[in-house]
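Observations on chain architecture
One-letter residues, chain by chain:
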Protein chains: 2
Amino acid sequence: MKKIINDTQQIVDEMLNGFVFANAHLVHRISDTAVIARNTAKTGKVGIISGGGSGHEPTHAGFVGDGMLSAAVCGEVFTSPTPDQILAAIEASDEGQGVFMVIKNYSGDVMNFEIAKELASETGIQVDYVIVDDDISVKNSTYTQGRRGVAGTILVHKILGYAAKQGKTLTEIKQLADTLVPSIHTIGVALHAATVPAVGQPGFELPDDEIEFGVGIHGEPGYRREKLTNSRALADELTSKLVDSFGDYTGAYAILVNGMGATPLMEQFIFTNDVHTLLTEKQLTAEFVKVGNFMTSIDMAGLSLTLLKLDKPIYLTALTAPVSTSAWG
Amino acid sequence: MKKIINDTQQIVDEMLNGFVFANAHLVHRISDTAVIARNTAKTGKVGIISGGGSGHEPTHAGFVGDGMLSAAVCGEVFTSPTPDQILAAIEASDEGQGVFMVIKNYSGDVMNFEIAKELASETGIQVDYVIVDDDISVKNSTYTQGRRGVAGTILVHKILGYAAKQGKTLTEIKQLADTLVPSIHTIGVALHAATVPAVGQPGFELPDDEIEFGVGIHGEPGYRREKLTNSRALADELTSKLVDSFGDYTGAYAILVNGMGATPLMEQFIFTNDVHTLLTEKQLTAEFVKVGNFMTSIDMAGLSLTLLKLDKPIYLTALTAPVSTSAWG
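Residue positions within a chain follow its written sequence, with the count starting from 1. Following the order in which they are written, the chains are lettered starting with A and the ligands numbered starting with 1. For a predicted model such as this one, the threshold for reporting local features is a pLDDT of at least 70, and the threshold for listing and counting side-chain atom pairs is 80 or more; totals across whole chains, interfaces and linings nevertheless cover every residue. Working from all heavy atoms in the structure, the side-chain values ignore hydrogens and water.

With an unreviewed UniProt entry as reference, chain A is termed Dihydroxyacetone kinase subunit DhaK, source organism Pseudolactococcus carnosus.

So this is what it looks like as structure tokens:
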């Protein structure tokens, strides 16, 4: 293992301090916590928070800022944040109108966020949440029942962040989230596994010429291994499965091509070009396209493709609204 | 070699098409060229262009947009763009006040950009340029005489893009550039070499526990190999060398921590935290900090540190001014 780190026990602490040093104009760290909160003044809106294990940078802290997340709670690497940490994020984000939590569907995350909700209710803060389960690769997985929550989660951050900024109530945001989440589907593919620093070796082994479809963002098993032929074939597999998953929907999509950490933009853009060609062949259109490393898996090589059905006008409006975060751009 | 590509001869073409599909609201590709130009209306300002070999994404096309580059010309992977392509970028960027070229110091780039300048002068377009040579690692290198131009180049794009938008003349921009470039120093370090797709294997070999200081963004040799100890020691080597290179300057710096392509943000932020600690120990301050993958070397693992002396107020004003590009954020 060759990594630019110091002590494997201090990774999250040092990373968050580096992150805040780089983004002090946008965010701050709440003392004695692993919570990153935005610097903006409270204006009596609903707070939107998210979080989970670290190792997915820039998720989630990179999406904290005006127009997106109020705060992010950062667990240890690939480990759910504890309820007290989540509670600190809730308390920092409450502006008197309640706090909405965006939770990726992992059993540990769901349990700890739900406990934090209970703790918050004891202090009089209204909390509601949505569980994101956009990964259609496999039905159940290593760390969860049901589908995993992966890269599509950042589209939820963006759209709910917009709704909160527009002054929507907690109830309205819950309704929006419940409609939105089933409209987001993702599939990932891995070329090389991530190495968790404290483990010191890749989470799984792939032969030099093979890829694995459906791998999760913590290296959870996918649904098929095969030889890597080319970008076009890979794009065909992912695009076709995702389009099929939406049945007879023929409207416009938003697209997210997400690099897993070690895959260069060169490859992500070539893949994006193939997705474009395939959609055009299917007479489908994309009205919003985003490409880059957003929901990574440390140094995994690979990428994921997310499609969001743009069947409500607010989705596109929200996706294209300006924000002040370090990672949305 | 396991890469998400199709034909190694079509990499740049497919990548640019994918890039434009993802960023059609900001940029377009000039027909039959590898030039990416911004969509903004011409307003009689000086055009700023840059370019070079591909493989450094998001450089340079990611910095095309309002407030930064007018156009970027994209050569084949690690290969200088040809004069006719550069001329196309000049012609697309001319708004009647001339065009300024930001050239990284590689012999092929310098030669071809100078030829393009001559060709442009024949059509009546005034052109001037600056050669960026921010890499203080080694004096001469594989592809150039003098210092190499590396990640600090994007700070030049940003500051000159701001000056052009403010309506500075070609002469004023040349003067600004000539003062700015010597104020930017960079050193890089590699943990693993990049693989050029058409070559199919890493450009050099590093033992499993070693790093190389001073490696260039095309894998050019650095100045020392040693065992990787930790982030702190690495930050100390780079920070100390860079601070020393500026002699007795004690004012504020702008800092750029640049990932080489395969190094996750987790490591980049830990390194940034160490740089912060070291600067504080030296009683030095940073008034602008940027961290991420900006000037990559395909899938090289490693990073570079850039310091810019903030000894002119316009530098910080320019660095923090809003822009509309896909990669500056």
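1. Examining helix α7 (residues 265-281) of chain B
Only runs of H or I of at least four residues qualify as helices and only runs of E of at least two qualify as strands under DSSP, and these elements are numbered from the N terminus. Helices are assigned an expected span. That span is 1.5 Å times one less than the residue count. For α7 of chain B, built from 17 residues, the straight-helix expectation of 24 Å at 1.5 Å per residue is met to within 8% by its first-to-last C-alpha distance of 24 Å. Residue Q283 of chain B follows α7 of chain B closely and has a positive phi angle near 60°.

2. As for the environment of D66 of chain A
Residue and element names in this part refer to chain A. In this structure, D66 sits in the loop between β3 (47-54) and β4 (71-77). Look at D66 and you get partly exposed, because its relative accessible area is 27%. Separated by 105 residues in sequence, D66 and T171 place their C-alpha atoms 21 Å apart. Aside from chain neighbours lying at most four places away, what touches D66 is R38, T40, K165, V323 and S324. For the exposure calls, accessible area comes from a 1.4 Å probe over protein chains only, and a residue counts as buried if that area is under 20% of its type's maximum, exposed if over 50%, partly exposed in between. Contacts between residues were defined by any pair of non-hydrogen atoms, one from each residue, lying within 4.5 Å.

3. So, the packing of helix α6 (residues 231-245) of chain A against helix α7 (residues 265-281) of chain A
In a packed pair of helices, the relevant descriptors are the angle between the two axes and the axis-to-axis distance. Residues and elements named next belong to chain A. Axes, fitted as lines to C-alpha atoms, cover a helix only where it is in contact. Angles between the N-to-C directions of the axes lie from 0 to 180 degrees. One can describe the packing of α6 onto α7 by two numbers: an axis separation of 9 Å at closest approach and a directional angle of 50°. Classified by the interaxial angle, the pair formed by α6 and α7 is oblique. In this structure, α6 crosses over α7, and the sense of that crossing is right-handed. Every residue of α7 that contacts α6 at S231, R232, L234, A235, D236, L238, T239 and V243 is listed here: I270, F271, D274, V275, T277, L278, L279 and E281. Roughly parallel means an angle under 35 degrees; roughly antiparallel, over 145; roughly perpendicular, 65 to 115; everything else is oblique. By convention, the crossing between two helices is left-handed when the near helix turns anticlockwise from the far helix through less than a right angle, and right-handed when the turn is clockwise.

4. Remarks on the domain arrangement of chain A
Residue and element names in this part refer to chain A. The domain limits used here are those given by an automatic or database domain assignment. Its domain assignment divides chain A into domain 1 (11-182) and domain 2 (183-320). A straight line from the C-alpha centre of domain 1 to that of domain 2 covers 23 Å. In this assembly, 37 residues from domain 1 lie in contact with 38 residues from domain 2. For any pair of parts, buried area is found by adding up, for both, the accessible area (1.4 Å probe) each one loses once the two are put together. Buried area between domain 1 and domain 2, summed over both chains or domains, comes out near 3,200 Å², and the portion from carbon and sulfur atoms is 71%.

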